[in-house]
There are 2 protein chains.
Amino acid sequence: MPGDRRPYRRESEETRREALIEAALDLVAEGGAQAATVRAIADRAGVTPGLIRHYFASKDELTRAAYRRLMERMTADSGAALDTHGAGWTASERLAGFVAGSLRPPVVDPLRLGLWAGFLNAVRADAGMRAIHEQNYHAYRDRLEGLIADLPRWADAARCRADAIACNAVIDGLWLEGSALPEGFAPGELERIGLHTVSAILGLPLNPPNLPSSSPPPEGPAP
Amino acid sequence: MPGDRRPYRRESEETRREALIEAALDLVAEGGAQAATVRAIADRAGVTPGLIRHYFASKDELTRAAYRRLMERMTADSGAALDTHGAGWTASERLAGFVAGSLRPPVVDPLRLGLWAGFLNAVRADAGMRAIHEQNYHAYRDRLEGLIADLPRWADAARCRADAIACNAVIDGLWLEGSALPEGFAPGELERIGLHTVSAILGLPLNPPNLPSSSPPPEGPAP
DNA sequence: GCCTTTGTTGTACATTTGGATAATTCAATA
DNA sequence: TATTGAATTATCCAAATGTACAACAAAGGC
């Protein structure tokens, strides 16, 4: 039956690269690094294997692109609320928003954890992967340190750095916990624990900002 | 050259299983799950591939045995100081010893992290692996919760459980940080941050017990 | 000292799988 | 309509996978 040829469909380079990267990420998340074969990636992306090498010099290059995408997404998702609503927030609210954003979906997600674990060995083995990792990891921590430095309290640079390390560790730990045992925490519990603990580290009360979606403004009665 | 046959060496079942499990763990730690092939494991253990199936019904069973070993070791290593010197310690010292033990080598170790990541997907996919995981994970957290419940403070069971979850998360996070970036922390820094943060969560000062190896008794001047 | 038992070796098997690539087909654009 | 390059198909070749099995070597009972 030679008639079942895949319908020829022409797409932009942007779309194809996007689809391939997304397919690779999905597969690593679900089945680890060994699940992301060129055949599986092409299949998931809705193309044929040959096309991968048309857009990426090798499979390793696709892997690196996928990892870069993952890391960028982690930082971006954590600060998403800040970027959209944080203009008028106080420094304390901005930090709280960043912490809370790091501790709820989509950042906290079992698939993200699998993804992260699936890439871990490749990051250790491949120098290019390591470079991508370092760069994006520091971008996250620097952003956190900047938010801490803006707080209305007296603290020198060394203290800010130490606090950022501790807070980062707490956030990472809660992220790990929440992602590994999603049913182990009530909705919002992770964020509460995170904010409480960060408050304790900094010696400063930290209240989450009111998000438009989570709590409506008080002028209207509940329907 | 037919003379290079491996010298026949007969060992106890205990020794062989041990060697095979250890080899499997080493390989997963270094190169991820896909590096632990039957040939590589046999090679590392100093035997020939055929022997694996003499001691384990399948490769999966060896994998499960290796994962069980890893999990048991994590809890045991964390509480090693307690088990040897903790007899006369106060409840606060025992908790501090457990926290500190979880945040230094050999528990904190890049290879352990790689090991943990290498097993993550298998744990998600295989029901047997999942059972092993649950069992040992709860053993760790229950031990932590027990140490917290013994503290000289008033706290109901719910509070103890919540505190144990938060402390566990902090410990896991610092473990992750310290294992992923071993050069990012000064010696002992991780334990200090952990004790400080756990103290903040519990609202209780926590001092590390004097270990015979870490700080000598005060009767002798420093050489 | 033979003989059964069992740990151990070496190898072969059957299959799957890996990434890569050559040749071909098809749609869009000029 | 001619040209171009994205996309498909089929295949290559090698390497590696878990498993099975027959030959081999040492204990230990008798």
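Residues numbered from 1 in each chain as written. Chains lettered and ligands numbered in written order. Predicted model: local features only at pLDDT ≥ 70, side-chain atom pairs only at ≥ 80, totals over all residues. Heavy atoms only, no water.

What follows covers the protein's contact with DNA strand C. The immediate surroundings of DNA strand C are formed by 24 residues, with A:Thr37, A:Arg39, A:Arg53, B:Arg6 and B:Glu11 found nearest. Here DNA strand C approaches the protein such that, of its atoms within 4 Å, sugar and phosphate make up 63%. A distance of 2.4 Å is found between a phosphate oxygen of DNA strand C and a side-chain nitrogen or oxygen belonging to A:Arg53. In this structure, a phosphate oxygen belonging to DNA strand C sits 3.2 Å away from a main-chain N or O atom of B:Arg9. Mapped by element, the contributors of at least two residues to the surface near DNA strand C are helix 2 (38-45) of chain A together with helix 3 (52-55) of chain B. When the residues that make up the surface near DNA strand C are grouped by side-chain class, the tally is six nonpolar, six polar and twelve charged. (Near = heavy atom within 4 Å. Polar contact = N/O pair within 3.5 Å; in protein donor to acceptor, adjacent residues only side chain to side chain. Helix = DSSP H or I, 4+ residues; strand = E, 2+ residues; numbered from the N terminus. Nonpolar A, V, L, I, M, F, W, Y, C, P; charged D, E, K, R; others polar.)

Contacts between the two partners involve 35 residues from chain A and, on the opposite side, 34 residues from chain B. Buried surface at the junction of chain A and chain B, both sides included, amounts to about 2,600 Å², of which 65% is carbon and sulfur. Summed over the shared surface of chain A and chain B, the result is zero salt bridges. In this structure, the connection of chain A to chain B is made through seven residue pairs in polar contact (both at pLDDT 80 or more). Listing elements by their share of the side of chain A that touches chain B, those giving two or more residues are helix 1 (13-31), helix 7 (110-125), helix 9 (157-180) and helix 10 (189-202) of chain A. A total of eleven residues in the side of chain A that touches chain B trace back to one element, the largest contributor, which is helix 9 of chain A. (Contact = heavy atoms within 4.5 Å. Buried area = accessible area lost by both parts, 1.4 Å probe. Salt bridge = Lys/Arg side-chain N within 4 Å of Asp/Glu carboxyl O.)

As a further point, take the nonpolar core. In this structure, A:Phe119 and B:Phe119 are the most contacted members of the largest nonpolar core, which totals 136 residues. Ignoring any residue separated from it by four or fewer positions in sequence, one finds B:Phe119 in contact with B:Leu25, B:Val28, B:Thr63, B:Ala66, B:Tyr67, B:Leu70 and B:Met129. (Core = buried A, V, L, I, M, F, W, Y, C linked by side-chain atoms within 4.5 Å. Buried < 20%, exposed > 50% of the residue type's maximum accessible area, 1.4 Å probe, protein only.)

Between the two copies, chain A and chain B, the superposition gives an RMSD of 0.1 Å; the rotation angle is 180° and the shift along the axis is 0.0 Å. Interpreted geometrically, this transformation is the action of a two-fold axis. No C-alpha of chain A approaches the rotation axis more nearly than that of A:Gly173, which lies at 1.5 Å. (Least-squares fit on C-alpha atoms with pLDDT ≥ 70 in both.)

Our next topic: the side chain of B:Thr75. With respect to the helices, strands and loops of the structure, B:Thr75 is situated in helix 4 (residues 59-78). Non-local contacts of B:Thr75, meaning those with residues more than four positions away in its chain, are made with B:Asn136 and B:Tyr140.

Attention shifts here to the confidence of the model for chain A. Per-residue confidence for chain A averages 86 on the pLDDT scale, and 91% of its residues sit at or above 70. In the predicted structure, residues 213-223 of chain A sits below a pLDDT of 50 and forms one contact with residues beyond four places in sequence or in another chain. (pLDDT = per-residue confidence, 0-100.)

All names here are of chain A. Domain boundaries assigned for chain A yield domain 1 (11-56) and domain 2 (68-202). For domain 1 versus domain 2, the distance between C-alpha centres works out to 28 Å. For the pair domain 1 and domain 2, the two sides together bury roughly 700 Å², of which 66% comes from carbon and sulfur. On the domain 1 side of the contact with domain 2, Leu25, Val28 and Ala29 bury the most area, a combined 61% of that side's loss. The partner of Arg73 in a salt bridge is Glu22, and the shortest N-O contact between them spans 3.2 Å. Joining domain 1 to domain 2, the criterion identifies two residue pairs in polar contact (both at pLDDT 80 or more). Each residue belonging to the side of domain 1 that touches domain 2 can be placed in one class, and the counts come to five nonpolar, no polar and three charged. (Domains from an automatic or database assignment.)

The next point concerns the side chain of A:Asn168. If you trace the backbone, A:Asn168 turns up in helix 9. We classify A:Asn168 as buried; its relative accessible area is 1%. Sequence-distant contacts of A:Asn168, that is, excluding residues within four places in its chain, are made with A:Tyr137, A:Tyr140, A:Arg141, A:Leu144 and B:Glu177.

Residue and element names in this part refer to chain A. Tallying each qualifying case throughout the model produces 24 salt bridges over all chains. In this structure, Glu30 engages Arg44 in a salt bridge whose closest nitrogen and oxygen atoms are separated by 3.0 Å. Of the two residues, Glu30 sits in helix 1 while Arg44 sits in helix 2, which places them 14 residues apart along the sequence. Judged by relative accessible area, which is 45%, Glu30 ranks as partly exposed. A relative accessible area of 38% means that Arg44 is categorised as partly exposed. Here the residues in one salt-bridge network are Asp26, Glu30 and Arg44, joined through shared partners.

Its volume calculated, the largest pocket comes out at about 790 Å³. For the largest pocket, the lining is made up of 42 residues, of which A:Ala33, A:Gln34, B:Gly32, B:Ala33 and B:Gln34 are closest to its centre. For the lining of the largest pocket, the secondary structure elements donating two or more residues are helix 1, helix 4 (59-78) and helix 7 of chain A together with helix 1 (13-31), helix 4 and helix 7 (110-125) of chain B. A breakdown of the residues in the lining of the largest pocket according to their chemical character gives 22 nonpolar, twelve polar and eight charged. (1 Å grid on protein atoms, 1.4 Å probe; cavity = no way out; pocket = protein on both sides within 12 Å on 5 of 7 lines; lining within 4 Å. Points joined across faces, edges and corners; volume = space filled by probe spheres on them.)

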